[in-house]
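Structural overview
Okay, here's what each chain looks like letter by letter:
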There are 2 protein chains.
Amino acid sequence: MSSRRREVPEDERAWLRTYDPTGFAPFGVTVDVVLLTVRPDEAGTGPGRFSVLLVERDTHPFRGDLALPGGFVQPAEDLDAAAVRRLEQELRVRPGDHPGVHVEQLGAFGRPERDPRMRVVSVPYLVFAPDLPAPVPGGRTRWVGWVPVEDVDAGRLAFDHDQVLAAGLERARAKLEYTPLAAAFCPDEFTVADLRKVYEAVWGTALDPRNFHRKVTGTPGFLVPVGRPAPVGPGGGRPAALFRRGPATTLHPAMLRAARGRPT
Amino acid sequence: MSSRRREVPEDERAWLRTYDPTGFAPFGVTVDVVLLTVRPDEAGTGPGRFSVLLVERDTHPFRGDLALPGGFVQPAEDLDAAAVRRLEQELRVRPGDHPGVHVEQLGAFGRPERDPRMRVVSVPYLVFAPDLPAPVPGGRTRWVGWVPVEDVDAGRLAFDHDQVLAAGLERARAKLEYTPLAAAFCPDEFTVADLRKVYEAVWGTALDPRNFHRKVTGTPGFLVPVGRPAPVGPGGGRPAALFRRGPATTLHPAMLRAARGRPT
DNA sequence: CGAATAGTGTCTCTCAGACAATATTGC
DNA sequence: GCAATATTGTCTGAGAGACACTATTCG
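1. Considering the overall build of chain A
In terms of helices and strands, chain A carries five helices and nine strands. Starting at the N terminus, the α and β elements of chain A follow one another as α-β-β-β-β-α-β-β-β-α-α-α-β-β. Dimensions of chain A along its principal axes, counting C-alpha atoms only, are 75 × 50 × 45 Å. Relative to its full complement of 264 residues, chain A shows a buried share of 48%. For chain A, contacts bridging at least 24 residues in sequence account for 66% of all contacts bridging at least 6. Here chain A has roughly 12,800 Å² of accessible surface; of this, 52% comes from carbon and sulfur atoms.

What follows is the structure, given as structure tokens:
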């Protein structure tokens, strides 16, 4: 993570002592968190609801609107650290404790007019988490909660968070294809059916349980069997085997959601 | 691109009139350009050299070191616009003129100590360009030139540009798999062999010309035949057909560089 | 003609998708 | 037993990789 040690030449040190940083245009820098999860269906039988954590803003600008949780980066704070801090504030979860939680930077959004207060560049972070306890509103929010992504009205989020969310969803859907990150939406131990419901919820498509089973158990490094069965569900049926996340970071071959051989 | 029109409530307008933006920590924001191309081999027979445009800095900090071209974003300038401006300055090429040139944001780099002057967040852009005329040094650089990526000494670039370049290379290699962007490294009209040399240079692997030909010509939307042959090369041989970029934005099925069915 | 490069045909193996069949539970 | 879910097996077709073979040019 840290960059190389560098011998700073004396003339550069001298130059730096006289350098005036106020000559450059000052920007605000924020982090926003696109925290995604898959929450069980009401009945518990369906594929689950792909949901995002939103807050209702209690301060200007966009007071009263829904928004992604976020905030300004501190002067000496790393971007990733700011995102994790915001995550802890909103959810009382720190990624270090939950090894399943996945955090990944999503890019930078910096349209000049995106914040009415001043020039602000936002660096959103994409987070995959298993179904977690209900969040509690923090100091500056009226309300916090999970919203199924298909219930988020286009154009109703504060700032440019519609675009940020859209970018996060697209990235999440793509990541499930070639990484084992679907398991980041599952608890520590999970069944193949749990994992399949994640794919179905995120992609919005039904998958054949039999082919899915053969596929994921046959992909090296994806799943590690626990050797113990899960408790039987409410509808009865043969108990499923439990698995944990395997060591793989990419999937070979990938899980393909789409369109093999379709025209453009 | 532009966000929704929003009715700004009167109380927010009033609040905004009294808002003091100097309360937040000021950051500098820069763009850096990871401009990649594939330049012909010395002999013209090999796969070509995958190269990046680097500048030698003529100002502090890191004076005398190699770096990616970049600079501060102007107060009212969009991030993408700043990257394009920097590109034009360095290469006298504007992406609009060259429809082949591909520009894509690569993320945000913001370690607190990455710039000794002040807190700076950099937003690098990845650019794919065909082999272009030699660039000319601008005002603040001693030297500009193409450097084959394998000749870039690890740890020798200014700031954290090693990490930025590494991220750009990884992204470029991945993009060639599932998008038709390899053609962005080719001139307007090109042969299948030209395209294959791009893949070989970027991935650093040899590809079977016969399977490659069948693959790319059979992928819908990838290539559009011009209906005219290219001039015969120096070594003789049957003249190759010319193609242009097709309308596809993603490839189905993807070009796979790697490892089908290999263990993790 | 021979060398060189372009392009096609064929074979095999892997893998995705469809779906039959078997296994194991609760009722 | 019956319903429900889990897991395995079998078949088919698409496509990747190996590589023989044909096509077209230059010298």
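And the narrative resumes.
2. Focus: the relation of the copies chain B and chain A
Relating one copy of the chain to the other requires a rotation about an axis plus a shift along that axis. The transform that puts chain B on chain A rotates by 180 degrees and translates by 0.0 Å along the axis, for an RMSD of 0.0 Å. Classification of the inter-copy transformation places it as that of a two-fold axis. Closest approach to the rotation axis within chain B is made by the C-alpha atom of Gly-107 of chain B, at a distance of 2.0 Å. In this assembly the copies share their binding face: 98% of the residues contributing to the interface of chain B also contribute to that of chain A.

3. Thoughts on helix α2 (residues 79-91) of chain B
Taking 1.5 Å as the rise per residue, α2 of chain B with 13 residues should run 18 Å; its terminal C-alpha atoms sit 18 Å apart, in good agreement. Following α2 of chain B by one or two positions, Arg-92 of chain B has its phi on the positive side, about 55 degrees.

4. What about the packing of aromatic side chains?
Residues and elements named next belong to chain A. The tally for this structure, following the rule as stated, stands at ten aromatic pairs over all chains. Geometrically, the ring pair formed by Phe-50 and Phe-185 is edge-to-face, given 6.2 Å between the ring centres and 90 degrees between the ring planes. Of this pair, Phe-50 sits in strand β2 (residues 49-57) while Phe-185 sits in the loop between α3 (161-178) and α4 (192-203), and the two are 135 residues apart along the sequence. On the basis of relative accessibility, which here comes to 2%, the residue Phe-50 falls in the buried class. A ring pair is formed by Tyr-199 and Phe-212, whose centres lie 5.5 Å apart and whose planes are at 65 degrees; its orientation type is edge-to-face. One end of the pair, Tyr-199, is in helix α4; the other, Phe-212, is in helix α5 (residues 209-218), and 13 residues separate them in sequence.

5. Describing unusual backbone geometry
Note on backbone geometry: most residues besides glycine have negative phi, and most peptide bonds are trans. The step from His-60 of chain B to Pro-61 of chain B runs through a cis peptide bond, and the omega angle for that step is -10 degrees. For the bond running from His-252 of chain B to Pro-253 of chain B, omega is -5 degrees, close enough to zero to count as cis. When you line up the elements, Pro-253 of chain B lands in the segment after β9 (241-245). In this structure, Phe-159 of chain A is a non-glycine residue whose phi angle is positive, near 50 degrees. Along the chain, Phe-159 of chain A turns up in the loop between β7 (141-148) and α3. Phe-159 of chain A gets classed as buried once you look at its relative accessible area, which sits at 9%.

6. Re the environment of Leu-223 of chain A
All names here are of chain A. Structurally, the position occupied by Leu-223 is in strand β8 (residues 223-229). A relative accessible area of 14% places Leu-223 in the buried class. As a C-alpha pair, Leu-223 and Val-34 span 189 residues in sequence and 26 Å in three-dimensional space. Those residues within four positions of Leu-223 in sequence are excluded, and the remaining contacts are Phe-190, Val-192, Leu-195, Val-216, Phe-243, Arg-244 and Gly-246.

7. Regarding the protein's contact with DNA strand C
Neighbouring DNA strand C are 25 residues; Arg-210, Asn-211 and Lys-215 of chain A together with Arg-238 and Ala-241 of chain B lie closest to it. Backbone atoms, meaning sugar plus phosphate, form 58% of the atoms of DNA strand C positioned within 4 Å of the protein. A distance of 2.8 Å separates a base nitrogen of DNA strand C from a polar side-chain atom of Asn-211 of chain A. Between DNA strand C and Arg-214 of chain A there is a distance of 3.1 Å, counted from a base nitrogen to a side-chain nitrogen or oxygen. Contributing elements (two or more residues each) for the surface near DNA strand C: α5 of chain A together with α5 (209-218) of chain B. The element contributing the most residues to the surface near DNA strand C is α5 of chain A, with four residues.

8. A few points about the pattern of salt bridges
Enumeration according to the criterion identifies 42 salt bridges over all chains in this entry. Between Arg-228 of chain A and Glu-189 of chain A there is a salt bridge, and its shortest N-O distance comes to 2.9 Å. On the criterion of sequence distance, the pair formed by Arg-228 of chain A in strand β8 and Glu-189 of chain A in the loop between α3 and α4 is long-range, its members being 39 residues apart. Of the residues examined, Arg-228 of chain A reaches a relative accessible area of 41% and is grouped as partly exposed. Under the relative-accessibility criterion, Glu-189 of chain A is labelled partly exposed at 22%. Between Asp-151 of chain B and Arg-49 of chain B there is a salt bridge, with the nearest N and O atoms lying 3.4 Å from each other. Taken together, the positions of Asp-151 of chain B in the loop between β7 (141-148) and α3 (161-178) and Arg-49 of chain B in strand β2 (residues 49-57) put the pair 102 residues apart, joining distant regions of the chain. For Asp-151 of chain B, a relative accessible area of 40% puts it in the partly exposed group. Three or more residues joined by partner-sharing salt bridges are found here, namely Asp-188, Glu-189, Arg-228, Arg-244 and Arg-245 of chain A.

9. Some thoughts on the protein's contact with DNA strand D
Around DNA strand D, the structure places 25 residues, and the nearest of them are Arg-238 and Ala-241 of chain A together with Asn-211, Arg-214 and Lys-215 of chain B. A breakdown of the atoms of DNA strand D within 4 Å of the protein gives sugar and phosphate a share of 59%. Between a base oxygen of DNA strand D and a main-chain N or O atom of Arg-238 of chain B, the distance comes to 3.2 Å. Elements supplying a minimum of two residues to the surface near DNA strand D: α4 and α5 of chain A together with α5 of chain B. Examining the composition of the surface near DNA strand D, we find that four residues originate from one element, α5 of chain B, more than from any other. Class assignment for the residues of the surface near DNA strand D results in eight nonpolar, eight polar and nine charged.

10. Looking at the packing of α4 of chain A against α5 of chain A
All names here are of chain A. Two elements in contact, α4 and α5, have axes separated by 10 Å at closest approach and are oriented at 105 degrees. If you check the angle between α4 and α5, you find them roughly perpendicular. Contact with α4, carried on its side by Val-192, Leu-195, Arg-196 and Tyr-199, involves Pro-209, Phe-212, His-213, Val-216 and Thr-217 of α5 and no other residues of that element. Looking at the contact of α4 with α5, its residues break down into six nonpolar, two polar and one charged.

What counts, and at which threshold
- Residues numbered from 1 in each chain as written.
- Chains lettered and ligands numbered in written order.
- Predicted model: local features only at pLDDT ≥ 70, side-chain atom pairs only at ≥ 80, totals over all residues.
- Heavy atoms only, no water.
- Helix = DSSP H or I, 4+ residues; strand = E, 2+ residues; numbered from the N terminus.
- Buried < 20%, exposed > 50% of the residue type's maximum accessible area, 1.4 Å probe, protein only.
- Contact = heavy atoms within 4.5 Å.
- Areas by Shrake-Rupley, 256 points an atom, 1.4 Å probe, with all protein chains shown as cover.
- Least-squares fit on C-alpha atoms with pLDDT ≥ 70 in both.
- Expected span 1.5 Å × (residues − 1).
- Phe/Tyr/Trp six-rings, centres within 6.5 Å; stacked < 30°, edge-to-face > 60°.
- Near = heavy atom within 4 Å.
- Polar contact = N/O pair within 3.5 Å; in protein donor to acceptor, adjacent residues only side chain to side chain.
- Salt bridge = Lys/Arg side-chain N within 4 Å of Asp/Glu carboxyl O.
- Nonpolar A, V, L, I, M, F, W, Y, C, P; charged D, E, K, R; others polar.
- Axes fitted to C-alpha atoms, helices over the stretch in contact; angles between N-to-C directions.
- Parallel < 35°, antiparallel > 145°, perpendicular 65-115°, else oblique.

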